[in-house]
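# Architecture and fold: a report
Spelled out from the first residue to the last, the chains are:
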Amino acid sequence: MNRRKKIKQILTKKAKKANAKNQHSNKPRYISRAEREKMALAAESADVEAVTESEEV
């Protein structure tokens, strides 16, 4: 019985790992502080450009 139990444990553990790999989380991808700052600067510069273009027209 111990041999069967051990084999069953191994197989269930393997199945759980495979199942966990297939699950996708709804959690957003991590963005580092430096990347967030770059994105904020890019968005800010794009806003400034859009405002200056609308003033020229």
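For the structure, see preceding data.
Attention here is on the structure that accompanies the text. (Residues numbered from 1 in each chain as written. Predicted model: local features only at pLDDT ≥ 70, side-chain atom pairs only at ≥ 80, totals over all residues. Heavy atoms only, no water.)

## Thoughts on the overall build of the protein chain
- Within the protein chain, the regular secondary structure consists of 2 helices and 0 strands.
- For a compact globule of 57 residues, the expected C-alpha radius of gyration is about 10 Å, and the protein chain comes in at 26 Å, more than 25% above that figure.
- Each of the three principal axes of the protein chain carries a C-alpha extent, and together these read 85 × 20 × 10 Å.
- The 57 residues of the protein chain split such that 0% are buried.
- Surface summary for the protein chain: the accessible area is close to 6300 Å², and the carbon and sulfur share equals 55%.
- For the protein chain, the distance from the average site of its 15 positive side-chain charges to the average site of its 8 negative ones is 44 Å. (Helix = DSSP H or I, 4+ residues; strand = E, 2+ residues; numbered from the N terminus. Rg over C-alpha atoms; globule rule 2.2 N^0.38 Å. Buried < 20%, exposed > 50% of the residue type's maximum accessible area, 1.4 Å probe, protein only. Areas by Shrake-Rupley, 256 points an atom, 1.4 Å probe, with all protein chains shown as cover. Lys, Arg positive; Asp, Glu negative; His and termini not counted. Charge placed at Lys NZ, Arg CZ, Asp CG, Glu CD.)

## Remarks on helix H1 (residues 2-22)
- Over its 21 residues, H1 extends 31 Å from the first C-alpha to the last, a length consistent with the 30 Å expected when each residue adds 1.5 Å.
- For H1, the tally of buried residues reaches only 0 of 21 residues, placing the bulk of the element at the surface. (Expected span 1.5 Å × (residues − 1).)

## Digging into the pattern of salt bridges
- For the structure on display, the rule yields 1 salt bridge.
- For the salt bridge of Lys 38 with Glu 35, the shortest nitrogen-to-oxygen distance reads 3.8 Å. Of the two residues, Lys 38 and Glu 35 both sit in helix H2 (residues 33-56), 3 residues apart, roughly one turn of that helix.
- A residue is classified by how much of its surface remains accessible, and Lys 38, at 54% relative accessible area, is exposed.
- When its relative accessible area of 38% is taken as the criterion, Glu 35 is described as partly exposed. (Salt bridge = Lys/Arg side-chain N within 4 Å of Asp/Glu carboxyl O.)

Read these as layout, nothing more, since geometry by itself doesn't imply function.
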